[in-house]
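# Structural description and commentary
Residue strings, one per chain:
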Amino acid sequence: MSSDTSIDTAALPASLREREQWVCWKEEERDGKQTKIPVTPGIGAFASSTDPDTWASFETALEYVETGNADGVGFVFTDDDPIVGVDLDDCRDPETGDVDDAALDIIERLDSYTEISPSGTGHHVLITGELPEGRNRRGSIELYDTARFFTVTGDHVAETPTHVARRQDALGAIHREYVQDTDSDVKSESEQRGATDEQSETNGGGGVDVDLEDEELLEKATNASNGTKFERLWNGNTVGYDSQSEADMALCYLLAFWTGGDHTRVDQLFRQSGLLREKWDDVHYADGSTYGEKTIERAIANTSEFYDPDSGDQSTQSHVSSGTSTTDAGRDDSNRSRAYLIEKNRLLTDRVDELEATLEQKEDRIDTLEAEIERLTEELADRDRETDRTHEEQLVDAGEGDDGSETASVWGRTKRLFGSGSE
């Protein structure tokens, strides 16, 4: 799409096209990097993501692009709409179309309208929901819900829905796992996969051997305080979840707890549930992992507590700590200190991110203002040149139109003098 500004309007969801929240954009070089400057459709002046007077309908924006005065169209996020944009940058090989595992996971779980970015190196996902509080970006992943604009190409990813779907639960989980988590909670895909392989060999990610028959394990899970939820999911009931993928993940979290984080056993049990479908064994990732393998892997990696049958009858509990002593005051103090430091570090990190985001917005504002100043300066210079030409023509006309008059202009006499001398 970088060289072709045509937009597949048929691919764009109607819920987007019908909103009067569209701008155009031009790509210009600022400080050695390419920057997309928002412009007002039909006018070409700077457009602001906080000023509705600079927005227009989709049709108006598209017409302005087709005149060649802009490079593309963009959708503005506001507080008055429920739309959230998920920007996955530098995740796609434009030559092969290969997408990295993290981006694939996010696209799969959001399960909403997705398109390829103008550069061809990223993806944009549009959903409806409410962006959780806290930071809104980490690395190449950024989430928008207000005062920003998204470049829109219409280059729809075929395997994704053609509508903007509501995905609040998935958005919350992705924000928590990919954006909000502290560094100590974030693991690379390779680390998680390696840890999961070890867990399969040792019969438990929690280091606990749950030696129970399937029937007994399922009975305990069903009789636990969250047993109703478990039973619904086990029977294939997805009511209350935005998508079946979210329901799949929820059941895997529960199974990870009750099996002690045993990857193989979670898989075996899930295959007995009412949620099993053909997609479970589909290869969805570049490393050859199936949808089911990656779902289990992520569930185990994000489960911090596991059922321990040797610590007493815990069948009525929904979560059980794995080996943490509640009588060790020294350890409690240490844990509280560590928790305090982690929280303090998180708050400081969030503050730095907020300041960086503010700085980035101000730099973008400076770029757009500089572009507007440059445009206005050129426009003023053009007007000055036009005024000079008009004045000069008036002087010439006045001199040539009244040769014998005493009021003939100096310019006319000078012109005739030098004209006759040259002849």
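A few points on the structure. What you see as residue numbers is a count from 1 along each chain, following the sequence as written. Given that the model is predicted, a residue must reach a pLDDT of at least 70 before its local features are reported, and side-chain atom pairs must reach 80 or more before they are shown or counted; all residues, however, enter totals for whole chains, interfaces and linings. Side-chain calculation: all heavy atoms of the structure are included, whereas hydrogens and water are not.

### Concerning the overall build of the protein
A count of helical and extended segments in the protein gives 12 helices and 9 strands. When each of the 423 residues of the protein is scored for burial, the buried share is 43%. Of the contacts made within the protein by residues no fewer than 6 positions apart, 71% connect residues no fewer than 24 positions apart. Carbon and sulfur atoms make up 46% of the accessible area of the protein, which totals about 22,600 Å². Helix and strand definitions here come from DSSP, where helices need a minimum of 4 consecutive H or I residues and strands a minimum of 2 consecutive E residues; each element is numbered from the N-terminal end. Under the scheme applied here, a residue whose accessible area is under 20% of the maximum for its type counts as buried, over 50% as exposed, and between as partly exposed, the area being computed with a 1.4 Å probe on protein chains only. It only takes one pair of heavy atoms within 4.5 Å for two residues to be counted as in contact. Per-residue and other accessible areas follow the Shrake-Rupley method at a 1.4 Å probe size, with only the shown protein chains counted as cover for residues.

### As for the side chain of Thr78
If you trace the backbone, Thr78 turns up in the loop between strand 3 (72–77) and strand 4 (83–88). What qualifies as a polar contact is a pair of N or O atoms within 3.5 Å, subject to a donor-acceptor requirement within protein and to the restriction that residues adjacent in sequence count only when both atoms come from side chains. Side-chain polar atoms of Thr78 contact the backbone nitrogen of Asp80, separated by 3.1 Å. At a separation of 2.9 Å, a polar atom in the side chain of Thr78 contacts the side chain of Asp81. Apart from the residues lying within four places of it in its own chain, the contact partners of Thr78 are Gln21, Trp55, Asp145 and Thr146.

### What to know about the sheet that holds strand 3
Ordered in space as 2-1-3-9, the 4 strands form an open sheet in which the pairing is antiparallel. Each of the sheet's edge strands pairs with one partner strand only, and the pair in question is strand 2 (33–39) and strand 9 (148–152). For this sheet the average axis-to-axis angle between neighbouring strands, irrespective of direction, equals 45°. Here a strand pair is declared whenever DSSP counts at least two bridges between the two strands. In this sheet, strand 3 lies alongside strand 1 (residues 22–30) in antiparallel orientation, the contact comprising 4 bridges. Bridge pairing links Trp25 to Gly72 in strand 3. Helix 2 (residues 58–66) contacts strand 1 and strand 3 of the sheet and is inclined by roughly 35° relative to strand 1. Fitting a line to C-alpha atoms yields each axis, with helices limited to the stretch in contact; the angle taken between N-to-C directions then spans 0 to 180 degrees.

### Details of the environment of Arg17
On the secondary structure map, Arg17 appears in helix 1 (residues 14–17). Looking at Arg17, the relative accessible area reads 27%, which means it is partly exposed. Arg17 sits 41 residues away from Phe58 along the chain, and the two C-alpha atoms are 5.6 Å apart. A distance of 2.3 Å separates the side chain of Arg17 from the backbone oxygen of Leu12, its partner in a polar contact.

### A closer look at a negative patch on the surface
Patches in this entry comprise residues that are over 30% relatively accessible and not in a salt bridge; like charges within 9 Å are linked, as are nonpolar side chains (Val, Leu, Ile, Met, Phe, Trp, Tyr) within 5 Å. The salt bridge criterion pairs a side-chain nitrogen of Lys or Arg with a carboxyl oxygen of Asp or Glu, the two atoms within 4 Å. Charge counting follows a simple rule: Lys and Arg are positive, Asp and Glu are negative, and His as well as the terminal groups are ignored. Where a charge lies is defined by one atom per residue type: Lys uses NZ, Arg uses CZ, Asp uses CG and Glu uses CD. A cluster of acidic residues, Glu29, Asp31, Glu363, Asp364, Glu370, Glu374 and Glu378, forms a negative patch at the surface. In this structure, Glu374 sits in helix 11 (residues 329–400). Residue classification places Glu374 among the partly exposed residues on the basis of a relative accessible area of 43%.

### A short note on the pattern of salt bridges
Considering all chains together, one arrives at 18 salt bridges under this definition. In this structure, the salt-bridge partner of Glu386 is Arg389, at a minimum N-O distance of 2.6 Å. Placement of both Glu386 and Arg389 in helix 11 is noted, with a separation of 3 residues, approximately one turn of the helix. By relative accessible area, which is 43% here, Arg389 ends up partly exposed. Residues participating in the shared-partner salt-bridge network are Asp105, Arg109, Glu177 and Arg298.

### A look at the packing of helix 8 (residues 244–258) against helix 9 (residues 263–270)
Contact geometry of helix 8 with helix 9 gives a least axis separation of 10 Å together with a crossing angle of 130°. Taken as axis vectors, helix 8 and helix 9 run oblique relative to one another. The element helix 8 and its partner helix 9 pack so that their crossing is right-handed. From helix 8, Asp248, Leu251, Cys252, Leu255 and Ala256 reach across to helix 9, where they touch Val266, Leu269 and Phe270. Note that Gly is not counted as nonpolar here; it falls among the polar residues with everything else outside the nonpolar set of Ala, Val, Leu, Ile, Met, Phe, Trp, Tyr, Cys and Pro and the charged set of Asp, Glu, Lys and Arg. A breakdown of the residues in the contact of helix 8 with helix 9 according to their chemical character gives 7 nonpolar, no polar and 1 charged. With respect to orientation, any angle under 35 degrees is reported as roughly parallel, any angle over 145 as roughly antiparallel, any angle of 65 to 115 as roughly perpendicular, and every other angle as oblique. Crossing handedness follows the turn of the near helix against the far one: under a right angle anticlockwise gives a left-handed crossing, and clockwise gives a right-handed one.

### A few points about the pairing of strand 8 (residues 141–144)
Judged by which residues are buried, strand 8 turns out to be covered on both faces: Ile141 and Leu143 on one side and Glu142 and Tyr144 on the other are all buried. Taken together, the 4 bridges between strand 4 and strand 8 define a ladder with antiparallel strand orientation. Pairing of Gly85 across the sheet is with Tyr144, part of strand 8. Across 2 bridges, the pairing between strand 7 (residues 137–138) and strand 8 is antiparallel. Along strand 8, the bridge assignment pairs Arg137 with Glu142. What sits between the antiparallel neighbours strand 7 and strand 8 is a turn of 2 residues, in which Gly139 has the positive phi angle 60°.

### Examining the side chain of His175
Among the structural elements, His175 can be located in helix 4 (residues 168–180). Apart from the residues within four sequence positions on either side, His175 is in contact with Pro132, Glu133, Gly134, Arg135, Leu143 and Gln180.

### A few points about the sheet that holds strand 6 (residues 123–128)
Taking strand neighbours across the sheet as the criterion, the 5 strands line up as 5-6-4-8-7 in an open arrangement whose pairing is antiparallel. Across the chains shown, the open sheet's two edge strands, defined by having one partner strand only, are strand 5 (114–116) and strand 7. Packed on one face of the sheet, helix 3 (residues 101–110) meets strand 4, strand 5, strand 6 and strand 8 and runs near 160° to strand 4.

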